[in-house]
Amino acid sequence: MNIEQAKLRIQELKKKINKHNHAYYIENSPTITDAEFDLIYKELLDIEKKFPLLVEESSPTQRVGGKANNSFSQVVHEKPMLSLSNAFDLKDLEAFDKRIRDELGVKEVEYAVEPKFDGLAVTLHYINSIFSLGATRGDGNTGEDVTHNIKTIKSLPIRLTHGICAKKIEVRGEVIMHKDDFNKLNSEQKSLGLKVFANPRNAAAGSLRQLDSAVAANRPLRFYAYSIDSEEIIKSQEEGLNILRQLKIPTSGLSRTVVGVKQLIDYFQYIEGIRETLPYDIDGVVYKVNSLNHQDELGFVSKAPRWAIAHKFAAEQAETEILDITVQVGRTGSITPVARLKPVFVSGVTVTNATLHNEDEMRRKDILIGDYVRIRRAGDVVPEVINAIHNKRPENARKYMMPTSCPVCRSKLIKELGEAVLRCNAGMDCKAQKKQSLMHFCSRKAMDIDGLGEKIIDQLIEVNLINTFSDIYKIKKDQLTGLERFAEKSAENLIKSIEKSKKTTLGKFIYSLGIRNIGEATSADIAKHFGSIDNIIEQDEDSLQQVDDIGPTVAKSIGKYFSNERNKKQIISLVEQGIVWDEIESLDRHANSKLNGLTFVLTGTLKSLKREEAKSLIQNCGGKVVGSVSKKTSYLVAGEEAGSKLNNAIALNVQVISEDEFINLTKDTE
Ligand code: IVH
């Protein structure tokens with residue numbers, strides 16, 4: 001075979017393999033046997049071996065092989081990957097539909113409705129029709145590069161050969177595992193004496209985070225898409241899903257368009273009815289405004305779009321007995337009563353503990369040790385005790401008395417005014433809080449120190465090597481080699497990953513400090529807004545509240561944290577140990593301060609600016625953008641086809657300006 005013949009044959013074989021993969025994975029109707037498929041695949045492998053120059057990235061043989069070195073690299077999402085608000089009942093849905101109709105100024109809204117996959121959110125980039133990048137959601141702004149593992153998903157085309165052709169296509173969806181694939185994988189794992197997974201979602205998560213794609217390739221991962229973005233004009237969610245199907249990218253095939261709350265509920269009930277028969281787990285349905293123009297107009301609040309809502313299935317429940325009640329000390333000192341249960345199987349896992357939240361809640365529900373209780377578990381949320389079954393109460397059931405001092409450090413417990421939670425205020429002087437704060441600091445979404453998990457942290461605290469965050473960066477290799485569980489190599493690896501973690505982002509650094517009420521997303525917002533740690537420390541509670549989504553509680557937590565000298569010293573010490581992050585062009589250092597203190601609402605279609613651009617422009621000039629018009633609104637910027645917001649602005653005497661007038665406001669006058 002010469003090179004020309006090889007080229008031709010490779011093309012033929014690739015086409016065949018892609019066709020059979022599609023028939024097998026998407027249509028569930030293979031037309032050839034596995035052995036026949038293996039023969040075709042082997043022929044391609046053999047030719048590629050002989051002519052290595054002809055191996056293309058899009059070849060089916062290249063699905064395995066990419067390997068992340070010893071960690072995943074970071075991917076900054078061009079558009080953030082957001083989460084969804086939840087609706088739990090009819091009231092929530094009616095409020096959702098009404099808000100949307102009011103804001104758009106229309107009588108009825110068409111919704112695209114679809115199942116909510118219970119997997120892991122990922123984004124895929126196709127450049128010139130070739131799959132080029134797969135990344136996890138991460139904190140919504142920055143995820144991890146898992147291209148090498150996504151490539152092993154055989155139901156996903158590596159080259160797009162049908163449908164639209166665009167320079168760049170970004171597809172978002174979920175990586176999941178089918179229920180039968182999961183059962184098969186678990187029995188294989190069991191027979192090999194390997195780890196068994198609790199449920200398909202955990203199995204998918206564990207597989208997607210494999211550094212070695214050869215391991216991921218043996219795990220039956222799948223991908224289902226729910227959105228597409230490209231320079232092609234797509235008018236609706238429905239059209240987007242159709243384009244995805246033309247591209248041969250898997251979708252649920254269960255989406256519909258409906259109008260009105262009644263039809264939303266009908267769809268929910270329909271999907272709930274067929275839920276068990278679906279090959280994969282879902283945890284609810286998602287309702288999205290179908291028109292993308294309308295989606296644009298509605299925009300986002302916080303981390304969630306205002307044009308979509310998730311309607312979750314009720315959490316699964318089970319009945320069991322409380323064997324004992326103990327308290328747990330949380331990372332920020334909260335003392336939570338926890339019911340120790342007779343093990344019970346619910347939503348795919350065995351539950352042995354369930355939270356009772358706080359003393360008031362436990363008394364209100366009249367829960368005693370020995371009671372039969374109903375517990376509930378939804379997704380990854382901590383299981384909770386719903387209620388006691390009082391008519392089954394045994395005679396020897398007894399009341400649990402909350403402790404008055406911390407079960408770990410013996411400090412006196414305090415209930416702050418207006419709070420339901422009892423607290424140990426010893427901070428890092430309490431061993432329980434110290435351990436959990438250190439675990440949080442090292443965790444993946446924080447400083448991401450590989451190898452510093454619970455057991456090693458316990459050990460290092462025990463031998464007094466670490467008491468504060470900055471102690472971690474002072475550890476020397478020979479201090480580790482003398483310890484149990486540490487050989488030369490493992491000590492070296494830990495030092496390397498500690499060293500590597502020094503390069504981080506300001507958002508992750510803030511998150512890793514473990515400030516009460518400050519999650520990942522808020523940390524990222526604060527970092528973006530203020531740009532530097534010095535700048536953040538200087539802010540008072542009022543200026544902290546200038547950050548979108550920061551209310552008084554969060555501002556108070558931050559203020560309290562930075563007013564503590566010990567915390568400030570900790571930060572200085574960490575920076576002295578060499579922790580660095582890239583400078584951020586903060587929104588606080590305004591391009592100009594023309595719009596300082598002004599609040600804007602945008603409506604209608606703007607002609608020269610995209611909505612996101614207009615929003616950034618306002619923020620960069622010190623202004624604030626909110627979703628709806630109120631008396632406090634300074635200006636309504638009205639584009640074409642402005643809806644009810646315009647009427648509201650007129651009624652409330654809010655000044656209405658055109659796009660051009662708005663742009664003029666942001667410019668410096670000579
Ligand atoms: S749309 C702007 N559609 O749910 C947000 N999300 O809470 C757009 N999810 O992790 C999300 N199925 O990956 C959308 N049909 C579906 C979904 C879905 C599952 C996940 C999503 C994200 C989470 C959001």
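As a starting point, this report considers the structure included with it. (Residues numbered from 1 in each chain as written. Predicted model: local features only at pLDDT ≥ 70, side-chain atom pairs only at ≥ 80, totals over all residues. Heavy atoms only, no water.)

Topic: the sheet that holds strand β13 (residues 308-312)
Defined as follows: At least two bridges found by DSSP between two strands are what make those strands a pair. Helix and strand definitions follow DSSP, with helices as H or I runs of at least four residues and strands as E runs of at least two, each counted in order from the N terminus. Two residues form a contact once any of their heavy atoms are found within 4.5 Å. Here the axes come from fitting lines to C-alpha atoms, over the contacting stretch only for helices, and the angles between their N-to-C directions go from 0 to 180 degrees.
Pairing in this open sheet of five strands is mixed, and the strands run β2-β13-β10-β3-β9 from one edge to the other. Only two strands of the sheet have a single neighbouring strand rather than two, namely β2 (86-87) and β9 (256-259). Summarising the sheet, β2 and β13 pair through two bridges and their orientation is parallel. Within β13, the residue paired with Ala-87 across the bridge is His-311. Relative to β13, helix α3 (residues 90-104) is tilted by about 170°, and along the sheet it contacts β2, β3 (110-117), β10 (282-289) and β13.

Observations concerning the packing of helix α12 (residues 431-442) against helix α13 (residues 454-462)
Two quantities define a packed helix pair, namely the angle between the axes and the distance from one axis to the other. Keep this limit in mind: Each angle gets one of four labels, with under 35 degrees taken as roughly parallel, over 145 as roughly antiparallel, 65 to 115 as roughly perpendicular, and the rest as oblique. Each crossing is labelled by how the near helix is turned from the far one, with a counterclockwise turn of less than a right angle marking it left-handed and a clockwise turn marking it right-handed.
Viewed as axis vectors pointing N to C, α12 and α13 meet at an angle of 130°, and their least axial separation amounts to 10 Å. Considering their axes alone, α12 and α13 lie oblique with respect to each other. Crossing angle aside, the handedness with which α12 passes α13 is right-handed. On α13, the residues that touch Lys-431, Lys-434, Lys-435, Leu-438, Met-439 and Cys-442 of α12 are Glu-454, Ile-457, Asp-458, Ile-461 and Glu-462.

Structural notes on the site of the ligand
Applicable threshold: Only heavy atoms are used to decide nearness, and a residue is near a molecule or strand if one of them lies within 4 Å of it. Side-chain atoms alone can form a polar contact between residues adjacent in sequence; in general such a contact is a pair of N or O atoms within 3.5 Å, and within protein one must be able to donate a hydrogen while the other accepts it. Each accessible area is a Shrake-Rupley result for a 1.4 Å probe, and residues are judged covered by the shown protein chains and nothing else. Ten residue types, Ala, Val, Leu, Ile, Met, Phe, Trp, Tyr, Cys and Pro, are classed as nonpolar, four, Asp, Glu, Lys and Arg, as charged, and the remainder, Gly among them, as polar.
Contacts to the ligand come from 13 residues, most closely from Leu-84, Glu-114, Glu-174, Tyr-226 and Lys-288. One of the backbone nitrogen or oxygen atoms of Leu-84 is found 3.0 Å away from an oxygen atom of the ligand. Phe-117 is positioned with one of its backbone polar atoms (N or O) 3.0 Å from a nitrogen atom of the ligand. With the chains in place, 88% of the 520 Å² that the ligand exposes on its own is no longer accessible. Among the secondary structure elements, those contributing two or more residues to the shell around the ligand are β3 and β10. If you tally residues by element for the shell around the ligand, the top one is β3, at four residues. Classifying every residue of the shell around the ligand by side-chain character gives eight nonpolar, one polar and four charged.

Some remarks on the sheet that holds strand β24 (residues 624-625)
Whether parallel or antiparallel, the strands of a sheet pair through hydrogen bonds between backbone atoms. Read across the open sheet, the four strands follow the order β24-β23-β25-β26; overall the sheet is parallel. Of all the strands in the sheet, just β24 and β26 (655-657) have a single pairing partner and so form its edges. Here strand β25 (residues 635-638) pairs with β26 via three bridges, running parallel. Counterpart to Leu-636 in the pairing with β26 is Val-656. This element, helix α24 (residues 644-651), spans β23 (599-603), β25 and β26 of the sheet and lies at about 145° to β25.

A word on helix α9 (residues 260-274)
Counted only if it meets this: Here the expected span of a helix is defined as 1.5 Å times the quantity of residues minus one. Remark: exposure states derive from per-residue accessible area (1.4 Å probe, protein chains only) relative to the maximum for the residue type, with buried under 20%, exposed over 50%, and partly exposed in between.
Over its 15 residues, α9 extends 22 Å from the first C-alpha to the last, a length consistent with the 21 Å expected when each residue adds 1.5 Å. Buried within α9 we find Val-261, Leu-264, Ile-265, Tyr-267, Phe-268, Ile-271 and Ile-274. Packed against the buried residues of α9 are α3, β3, β9, β10 and β13.

Here's the deal with unusual backbone geometry
If you check the backbone angles, Lys-248 has positive phi at about 65° while not being a glycine. On the secondary structure map, Lys-248 appears in the loop between α8 (237-246) and β9. Of note in the backbone geometry, Asn-517 takes a positive phi value of approximately 70° without being a glycine. Considering the arrangement of structural elements, one finds Asn-517 in the loop between α17 (506-512) and α18 (520-530).

A short note on the side chain of Glu-170
With respect to the helices and strands, Glu-170 occurs in strand β7 (residues 168-177). Given the relative accessible area of 9%, Glu-170 is considered buried. At 2.6 Å, the side chain of Glu-170 forms a polar contact with the side chain of Thr-123. A polar side-chain atom of Glu-170 sits 3.5 Å from a polar atom in the side chain of His-125. Residues within four places of Glu-170 in sequence aside, it is in contact with Thr-123, Leu-124, His-125, Ser-227, Ile-228 and Asp-229.

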